[in-house]
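Now for the letters of each chain:
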Amino acid sequence: MPSYPSAYGQALPPPQALPKREKFIGFAYDEASAAVLHGVLSPYLHDNNQIHVVNFRTSLAILAAMTTPEIVIIDLSGEDQPINAVMELAEVVEPGTTVLAIGETMNVNFYRTVTKGMGIKEYLPKPLNQASLEQNFLPIIRNMAQDTGNRRNGRFVMFTGTRGGTGTSTVATNLAWLIGNELHRHTALVDADLYTGTIALNLNLSANNGLGTALAVPERVDQLLLERSMQPAGDRLHVLAGQEGLGKDFDYKPGSGATLVKALHARYNFVVMDAGNRLSAFSRDLMSLAQQHVIVMDPSMISVRNLERLQALARNYPQTSRPLVVLNKAQAPGGLSQSYLEQNMGMRFDAVIPDLPRIVPKANQFGTPAASVRGPFRDAIATLAKALGATPSTEAP
């Protein structure tokens, strides 16, 4: 297994040997920049002062293979399209990481673009010097425990069904599976139905009381609780599903949903929550927090009626865009046609999933995502993922 060169000390170990969730890692394209960074940062980062002399492409490969530290310094030098390089960087840097960048571009418009709209906390052009680093980078590093200004937060997508039996949980499960395991984005899948939710069963996992604890005692929510409660369903997909006793009144504290979402935001690129069709207090809290609302309906008149009600309700909350509408079980026997629905509702569906009674139920029973098999179901889920802005990571895990 090859090693990567480093300016100071030993050779950089292979990606899989890198430490997990360190405070800091830095990359420089040239020895001179690495020397200045090392000299300025050494008194403040101590043992975490890792400045590696590698090109941008190697930096991406290293970051993609590790849990990215709290602060990353990246060097964009040598890239013909530095804006595109920043976009590629966003695919491999996990939520909760503050990114500082250096490079050869000396342009005000470039600076404003990457620091105001692309998640870079601060950018410095070369050549680097002690004064500019102390003025621009050190305040951020000193206060990194408190700084949240330009942290990369996850995208929160909430699923709601127009009625029971529309397949909301199936769609949410397969979407999260596709984003996590095919697009290689760090994804959390949460089943908001603590009594009869099916997401864990759909993925052949067991439910636990972690979610119930998080919602009943929000002050206990931290990364340790999440790590103990969430179950892996692939390298980059984790599932949080509860199962409370049917005879038990669930003690939900208003606002605890926000605490849970905040904790998930800090760790995952995508947070997918299935609220089903029961608009409980928890579900309504989620609706107020979601950045994107997805409504799943089937081709029935009751779904048409409830779709209008859900769309009206969603307008009361600050979603960043209109709710996406998915038609599931299209062309089911006795169902309304897609063209009739779109014509009468004056809208086009964002994704249409055909009725596949011999494929989808069987996949759910065996705990295998139907989207893992190529075909019309997978294609429809991929269309929905694209509509939600889920793009492939530039590096495989």
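Residues numbered from 1 in each chain as written. Predicted model: local features only at pLDDT ≥ 70, side-chain atom pairs only at ≥ 80, totals over all residues. Heavy atoms only, no water.

Visitor: I'm lost on the packing of helix 2 (residues 56–64) against helix 3 (residues 82–92) in this one. Help?
Guide: Axes are the key here: two packed helices are described by the angle between their axes and the distance separating the axes. Running from N to C, helix 2 and helix 3 cross one another at 15°; their axes reach a closest spacing of 9 Å. In terms of orientation, helix 2 and helix 3 fall into the roughly parallel class. Once helix 2 is placed against helix 3, the crossing between them reads as left-handed. Contacts between helix 2 and helix 3 involve Phe56, Arg57, Leu60, Leu63 and Ala64 from the first element and Ala85, Glu88, Leu89 and Val92 from the second. Among the residues making up the contact of helix 2 with helix 3, the classes are represented as seven nonpolar, no polar and two charged. (Axes fitted to C-alpha atoms, helices over the stretch in contact; angles between N-to-C directions. Helix = DSSP H or I, 4+ residues; strand = E, 2+ residues; numbered from the N terminus. Parallel < 35°, antiparallel > 145°, perpendicular 65-115°, else oblique. Left-handed = near helix turned anticlockwise from the far one by under 90°. Contact = heavy atoms within 4.5 Å. Nonpolar A, V, L, I, M, F, W, Y, C, P; charged D, E, K, R; others polar.)

Visitor: How do you make sense of the sheet that holds strand 8 (residues 231–232) when you look at a structure like this?
Guide: Strands belonging to one sheet form pairs held by backbone hydrogen bonds; the direction of such a pair is parallel or antiparallel. The strand order across the open sheet formed by eight strands is 8-9-7-10-6-11-12-13, and the pairing between neighbours is mixed. The sheet terminates laterally at strand 8 and strand 13 (351–354), the two strands that pair on one side only. Pairing geometry for strand 8 and strand 9 (residues 237–241), over two bridges, is antiparallel. From the neighbouring strand, Gln231 faces strand 9, where its bridge partner is Val239. Sitting on the sheet, helix 7 (residues 168–182) is in contact with strand 6 (155–161), strand 7 (187–191), strand 9, strand 10 (270–274), strand 11 (292–297), strand 12 (324–330) and strand 13, with an inclination near 165° to strand 10. Together, strand 6, strand 11, strand 12 and strand 13 form the strand contacts of helix 16 (residues 376–387), whose direction differs from that of strand 13 by roughly 165°. (Pairing = 2+ DSSP bridges.)

Visitor: How should I be thinking about the pairing of strand 4 (residues 98–103) in this particular structure?
Guide: The side chains of a regular strand alternate between both faces of the sheet. Summarising burial for strand 4: six of the six residues are buried, a large majority. Of the two faces of strand 4, the one lined by Thr98, Leu100 and Ile102 and the one lined by Val99, Ala101 and Gly103 are each fully buried. Bridging between strand 3 (residues 71–75) and strand 4 involves five bridges; their strand directions are parallel. Along strand 4, the bridge assignment pairs Asp75 with Ile102. Taken together, strand 3, helix 3 and strand 4 form a β-α-β motif whose crossover is right-handed. As judged from the five bridges shared by strand 4 and strand 5 (residues 120–125), these two strands associate in the parallel manner. Looking at strand 5, one finds that Val99 is bridged to Ile120. (Buried < 20%, exposed > 50% of the residue type's maximum accessible area, 1.4 Å probe, protein only. Right-handed = clockwise from strand over helix to strand, strands pointing away.)

Visitor: Looking at this structure, how should I read the pattern of salt bridges?
Guide: Between side chains of opposite charge, a pair can form when the charged atoms approach closely. Per the stated rule, a full pass over the model turns up nine salt bridges. We note a salt bridge from Glu70 to Lys23, for which the minimum N-O separation is 3.1 Å. Here Lys23 lies in the segment before strand 1 (24–28) and Glu70 lies in the loop between helix 2 and strand 3, a separation of 47 residues in the sequence. Judged by relative accessible area, which is 17%, Glu70 ranks as buried. Across the pair Lys126 and Asp75 runs a salt bridge, and its minimum N-O distance is 2.7 Å. One end of the pair, Lys126, is in the loop between strand 5 and helix 5 (130–136); the other, Asp75, is in strand 3, with 51 residues separating them in the sequence. (Salt bridge = Lys/Arg side-chain N within 4 Å of Asp/Glu carboxyl O.)

Visitor: Help me understand the sheet that holds strand 5, please; the structure alone is not making it clear to me.
Guide: Judged by pairing direction, the sheet is parallel, and its five strands sit side by side in the order 2-1-3-4-5 without closing on themselves. Each end of this open sheet is capped by a strand with a single partner; those strands are strand 2 (51–53) and strand 5. Within this sheet the neighbouring strands show an average axis-to-axis angle of 15°, counted without direction.

Visitor: Can you walk me through helix 2 in this structure?
Guide: Residues lying three or four places apart along an α-helix face the same way, a consequence of the helix completing one turn every 3.6 residues. Counting buried positions along helix 2 gives seven out of nine residues, so the element sits mostly inside the fold. Residues of helix 2 that are buried include every one of Phe56, Thr58, Ser59, Leu60, Ile62, Leu63 and Ala64, and no others. Close packing links the buried residues of helix 2 with strand 1, strand 3 and helix 3. The distance from a side-chain oxygen at the start of helix 2 to the backbone nitrogen of Arg57 is 3.2 Å, and the residue carrying that oxygen is Asn55. (Polar contact = N/O pair within 3.5 Å; in protein donor to acceptor, adjacent residues only side chain to side chain.)

Visitor: Please explain the packing of helix 3 against helix 4 (residues 108–116) as it appears in this structure.
Guide: Where helix 3 meets helix 4, the closest approach of the two axes is 11 Å, and the angle between their N-to-C directions is 10°. When the axis of helix 3 is compared with that of helix 4, the two are roughly parallel. Here Pro82, Ile83 and Val86 of helix 3 come into contact with helix 4, specifically with Phe110, Thr113 and Val114. Of the residues in the contact of helix 3 with helix 4, the class split is five nonpolar, one polar and no charged.

Visitor: Which parts of the structure should I look at to understand the pairing of strand 9?
Guide: Most of strand 9 is tucked away, with four of its five residues classed as buried. Alignment of strand 7 against strand 9, held across five bridges, turns out to be parallel. Across the sheet, the residue bridging to Asp191 is Ala241, located in strand 9. Hairpin connection of strand 8 to strand 9: four residues between the antiparallel strands, including Gly234 at a positive phi of 135°.

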